Amino acid sequence: MLSVRQQPDIRDAVLRRLDLLDRAAGHADPSTLLPLARAELHRLADGWRHLLRTHRADESGRCAACHHGVRARRWPCPVWRSAHEQLIGEGLPHRQRPHPLRNPFRTTP
């Protein structure tokens, strides 16, 4: 389990990496971008697979990871719905959205 002190470090590191990837996608030259894209696409796919395995349906048709007990969520849970939206592409592409996607790591209301 992560200590309270480690959590902001992990949050900041992840957000910095996402910012770096956004900048690279928008401004990197093809000779730099192609190897980065290949590596990151593999990491992205592996990360989604791991996350989605964690959020699989249990024998009662509820998400194995989301809110156990009385408040357990029916499957597909929000993680699977978000995966579908982001990977299959319902709605506007990221660069055409009028507002950025909601930041799930935001600490202020």
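Being a predicted model, the structure only gives us computed values, none of them experimental.

Chemist: Would you take a moment to explain the overall build of the chain for this structure?
Modeler: Along its length, the chain carries 3 helices and 0 strands. Counting over 109 residues, the chain shows a buried share of 12%. Residue pairs in contact within the chain that sit at least 24 positions apart in sequence constitute 32% of those at least 6 positions apart. When the accessible surface of the chain is totalled, it reaches about 9200 Å², and 59% of it is carbon and sulfur.

Chemist: Would you explain the packing of aromatic side chains in this entry?
Modeler: Between two aromatic rings, the relevant description is the distance of the centres plus the angle of the planes. Scanning the entire structure with this criterion turns up 1 aromatic pair. Aromatic side chains W75 and W80 sit 5.2 Å apart centroid to centroid with 65 degrees between the ring planes, which places their arrangement in the edge-to-face category. Overall, the relative accessible area of 35% leaves W75 in the partly exposed class. For W80, a relative accessible area of 30% gives the class partly exposed.

Chemist: Just checking my understanding: could you explain unusual backbone geometry for this structure?
Modeler: Of all residues except glycine, most have a negative phi; of all peptide bonds, most are trans. Of the consecutive residues W75 and P76, the connecting peptide bond is found in the cis state with omega at 5 degrees. Along the polypeptide, P76 turns up in the loop between α2 (30–54) and α3 (78–88).

Chemist: In this structure, what is going on with the nonpolar core? I would like to understand it.
Modeler: Taken as a class, soluble globular proteins show a tendency for nonpolar side chains to be buried jointly. One finds W48, L52, C63, C66, C77, V79 and A83 forming the largest nonpolar core, which totals 7 residues. Of all the secondary structure elements, the ones that give two or more residues to this core are α2 and α3. Look past the residues within four positions of C63 in its chain and what remains in contact with it is H55, R56, R73, R74, W75 and C77.

Chemist: Can you walk me through the pattern of salt bridges in this structure?
Modeler: A side chain with one charge can pair with a side chain of the opposite charge if their charged atoms come near. Counting across every chain of the model gives 4 salt bridges. Notably, a salt bridge pairs R49 with D46, separated by 3.3 Å at the nearest N-O pair. In this pair, R49 and D46 both sit in helix α2, 3 residues apart, roughly one turn of the helix. Since its relative accessible area comes to 48%, R49 is described here as partly exposed. With a relative accessible area of 47%, D46 lands in the partly exposed category. Overlapping salt bridges bring together R17, E40 and R43 as one network.

About the cut-offs
Residues numbered from 1 in each chain as written. Predicted model: local features only at pLDDT ≥ 70, side-chain atom pairs only at ≥ 80, totals over all residues. Heavy atoms only, no water. Helix = DSSP H or I, 4+ residues; strand = E, 2+ residues; numbered from the N terminus. Buried < 20%, exposed > 50% of the residue type's maximum accessible area, 1.4 Å probe, protein only. Contact = heavy atoms within 4.5 Å. Areas by Shrake-Rupley, 256 points an atom, 1.4 Å probe, with all protein chains shown as cover. Phe/Tyr/Trp six-rings, centres within 6.5 Å; stacked < 30°, edge-to-face > 60°. Core = buried A, V, L, I, M, F, W, Y, C linked by side-chain atoms within 4.5 Å. Salt bridge = Lys/Arg side-chain N within 4 Å of Asp/Glu carboxyl O.

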